[in-house]
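Below are the chains, spelled out letter by letter.
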Amino acid sequence: MIVVLNGYPGVGKLTIGRELARLLSGRLLDIHTVYNLAFALTEFKSDEFKATVEKVEALGHELIGKLPAAVPVVLTTVLAGDDPWGYAEWERMVQLGRSRPPFCVVHVTCTLEENMRRIQSEGRDQLRKPREPEYVRRNHASALALFGGDEANLLQLDATGLSALQSAQAISDWLGTV
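Here's what I pulled together on the structure shown here. (Residues numbered from 1 in each chain as written. Predicted model: local features only at pLDDT ≥ 70, side-chain atom pairs only at ≥ 80, totals over all residues. Heavy atoms only, no water.)

Turning our eyes to something else, we now look at the side chain of histidine 61. Among the structural elements, histidine 61 can be located in helix H3 (residues 47-66). Not counting the four nearest positions on each side in its chain, histidine 61 is found in contact with Arg92, Met93 and Leu96. (Helix = DSSP H or I, 4+ residues; strand = E, 2+ residues; numbered from the N terminus. Contact = heavy atoms within 4.5 Å.)

Between helix H1 (residues 13-24) and helix H7 (residues 164-175), the least distance of the axes is 8 Å, while the angle of their chain directions is 50 degrees. On the basis of their axis angle, the class for H1 and H7 is oblique. In this structure, H1 meets H7 at a crossing whose hand is right-handed. Contact residues: Thr15, Ile16, Glu19, Leu20, Arg22, Leu23 and Leu24 in H1; Ala164, Leu165, Ser167, Ala168, Gln169, Ile171, Ser172 and Leu175 in H7. (Axes fitted to C-alpha atoms, helices over the stretch in contact; angles between N-to-C directions. Parallel < 35°, antiparallel > 145°, perpendicular 65-115°, else oblique. Left-handed = near helix turned anticlockwise from the far one by under 90°.)

Throughout the structure, instances matching the rule amount to 10 aromatic pairs. Site record: aromatic cluster; members linked through ring pairs are Tyr35, Phe39, Phe44, Phe49 and Trp85. (Phe/Tyr/Trp six-rings, centres within 6.5 Å; stacked < 30°, edge-to-face > 60°.)

Summarising burial for strand S4 (residues 103-109): six of the seven residues are buried, a large majority. Two strands pair when backbone bridges link them, and strand S1 (residues 2-6) and S4 are joined in this way by five bridges, in the parallel orientation. Bridged to isoleucine 2 within S4 is phenylalanine 103. (Buried < 20%, exposed > 50% of the residue type's maximum accessible area, 1.4 Å probe, protein only. Pairing = 2+ DSSP bridges.)

Glancing now at the environment of glutamate 57. Note on placement: glutamate 57 falls in helix H3. We classify glutamate 57 as buried; its relative accessible area is 4%. Sequence spacing of glutamate 57 and isoleucine 31 is 26 residues, and the spatial spacing of their C-alpha atoms is 9.2 Å. Glutamate 57 has contacts with Val34, Glu89 and Arg92, leaving out every residue within four places of it along the chain. There is a polar contact of 2.3 Å between the side chain of glutamate 57 and the side chain of arginine 92. (Polar contact = N/O pair within 3.5 Å; in protein donor to acceptor, adjacent residues only side chain to side chain.)

Below, the discussion takes up the pairing of S1. With five of five residues buried, S1 lies mostly within the body of the structure. Across five bridges, S1 lies against strand S3 (residues 73-77) in parallel orientation. Residue pairing for S3: valine 4 is matched across the bridge by leucine 75.

Locating glutamate 151 in the fold gives a position in the loop between helix H6 (133-142) and strand S5 (154-158). A relative accessible area of 13% places glutamate 151 in the buried class. Of note is the side chain of glutamate 151, whose polar atom sits 3.0 Å from the side chain of arginine 98. Excluding anything up to four places from it in sequence, glutamate 151 contacts Trp90, Val94, Arg98, Phe103 and Val105.

Laid out in structure tokens, this is it:
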């Protein structure tokens, strides 16, 4: 099973993903683990950045393929809009999901106010995560559609007012119906 938590920065994907992986006795490969090498050593969105992300992602997918089939894997990402590179990244996740069914997508959202509060939390910058409130305002205003909206196994989760554990439990309960 592959479970992709897709949502804008600051909605709680990583925190929920950690709890979900624990509840499922699975593994977590978060977007920060994949992207941080590129952030550290290349220029953001440069060709070298993209190539680095693709190499780290390929290694991650290869290692996921070596896990026992019964081990669920939770991925986190921020993929939305119509960016060709983002679309290619999404297609690689879909291929991974098809190779380890079921492929399940969770769109994680929260209100603007909650997102503003969460994105400013301490410790985000240590993970190279954005912390600027204006970033949240811009994302909410643009409201670009998250990738995966056409997947058969799709859950829309509004995490406003939910703890990470409550969100993870809601996802786990839904996965039991898939």
